[in-house]
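Given next are the chains, with one letter for each unit.
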Amino acid sequence: MAKKKPQIETLVVGPLMTNCYIIGSAGEGAVIDAAAEPDRIKKRIDSMDLEVRYHLLTHGHLDHRQGLNELMEMYPAPLCYHEGEDEIREGAKLRSAEFGLKWYEFPNADKFLDDGDTLPLGDIEIQVLHTPGHSPGGLTFLIEGAAFTGDCLFAQGVGRTDFPGGDWDILMKSIKKKLYVLDDDTVIYPGHGPVSTIGVEKDMNPFVRML
Ligand SMILES: [Zn+2]
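Remember, it's a predicted structure, so these values are computed and weren't measured experimentally.

Chemist: Would you mind showing me how to read the side chain of His 130 here?
Modeler: Residue position: His 130 is located in strand β8 (residues 124-130). Overall, His 130 belongs to the buried group, its relative accessible area being 16%. Polar side-chain contacts of His 130 include one of 2.9 Å to the backbone oxygen of Pro 136.

This is the structure:
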């Protein structure tokens, strides 16, 4: 039987206009990057009538998880991310103090994810790709022809690599070896900004050189 297309809802939240995605299938839901504005996210989850099965993080940067603690209280479900993000946890806390930013406690993962893992959700499966470079534990979630790339690959852009744990060469390798090998019509849902496709980025992205 053909798998049903998942529901994909996008909310742009917080001061850095981060994309929070809600994925739904057969009444089960996953939240990717509860970035901010948990009440708005909750409203959308409830309007989709979903039971939240997972809280997923593409990575642990503050602008991708300011709504996470509150949302996890509203919907208890396992928090899943890559353990590489724990390497930058303490540094990030110090840095936010340095910049006078409000610190949001970064809860420990209930489950670490790694390349090749899969998570069942309703009628579909979430595939996990490890795409480091912007941060050590950066993940892309591949869901039925859609790639949720976090801050690894954007429409006509790539993630910054000047934060602790960032590495330009590793970022390029992630994009070329993990993302550009996907079908050209794979839709990219990045951590910030509009959607794109793998095919368009291969043609147009000015930051990724294939040679
Ligand atoms: Zn980031």
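Chemist: Which parts of the structure should I look at to understand unusual backbone geometry?
Modeler: Glycine aside, the phi torsion of most residues is negative, and most peptide linkages are trans. At Asp 33, a position not held by glycine, the phi torsion is positive, near 60°. Note that Asp 33 resides in the loop between β3 (28-32) and α1 (38-47).

Chemist: So what exactly am I meant to see when it comes to the coordination of the zinc ion here?
Modeler: Angles between donor atoms at a metal ideally measure 109.5 degrees for a four-coordinate tetrahedral arrangement and either 90 or 180 degrees for a six-coordinate octahedral one. Taken together, His 59 (NE2), His 61 (ND1), His 134 (NE2) and Asp 151 (OD) make up the protein donors of the zinc ion, found 2.2 to 2.6 Å from the metal. On the primary sequence, the residues serving as donors to the zinc ion are separated as H-x1-H-x72-H-x16-D. A residue pair is termed long-range when its members are at least 10 positions apart, and His 59 in the loop between β4 (51-56) and α2 (68-74) and His 134 in the loop between β8 and β9 (139-143) qualify at 75 residues. Of the two residues, His 59 and His 134, neither departs from the other in class, the shared state being buried.

Chemist: Is there a simple way to explain the sheet that holds strand β5 (residues 79-81) in this structure?
Modeler: Note: strands within a sheet are paired through backbone hydrogen bonds, in either parallel or antiparallel orientation. The mixed open sheet is built from 6 strands, whose spatial order is β1-β2-β3-β4-β5-β6. Each edge of the sheet is formed by a strand with only one pairing partner; in this case those strands are β1 (7-13) and β6 (111-112). As judged from the 7 bridges shared by β1 and strand β2 (residues 18-25), these two strands associate in the antiparallel manner. Within β2, the position partnered with Val 13 by the bridge is Thr 18. Packed on one face of the sheet, α1 meets β1, β2, β3 and β4 and runs near 165° to β1.

Chemist: Can you help me understand the state of the cysteines in this one?
Modeler: One way to say it: the disulfide is the covalent bond shared by the sulfur atoms of two cysteines. Applying the stated criterion across every chain yields a total of 0 disulfides. The structure places no disulfide on Cys 20, whose sulfur is separated from the nearest cysteine sulfur, that of Cys 80, by 15 Å. Take Cys 152: it sits in no disulfide, and the sulfur closest to it among the cysteines is that of Cys 20, at 19 Å. We classify Cys 152 as buried; its relative accessible area is 3%.

The rules behind each value
Residues numbered from 1 in each chain as written. Predicted model: local features only at pLDDT ≥ 70, side-chain atom pairs only at ≥ 80, totals over all residues. Heavy atoms only, no water. Helix = DSSP H or I, 4+ residues; strand = E, 2+ residues; numbered from the N terminus. Buried < 20%, exposed > 50% of the residue type's maximum accessible area, 1.4 Å probe, protein only. Polar contact = N/O pair within 3.5 Å; in protein donor to acceptor, adjacent residues only side chain to side chain. Donors = N, O, S within 2.8 Å, 3.2 Å for Na, K, Ca; no water. Pairing = 2+ DSSP bridges. Contact = heavy atoms within 4.5 Å. Axes fitted to C-alpha atoms, helices over the stretch in contact; angles between N-to-C directions. Disulfide = S-S within 2.5 Å.

Worth remembering: the numbers are spatial, not functional.
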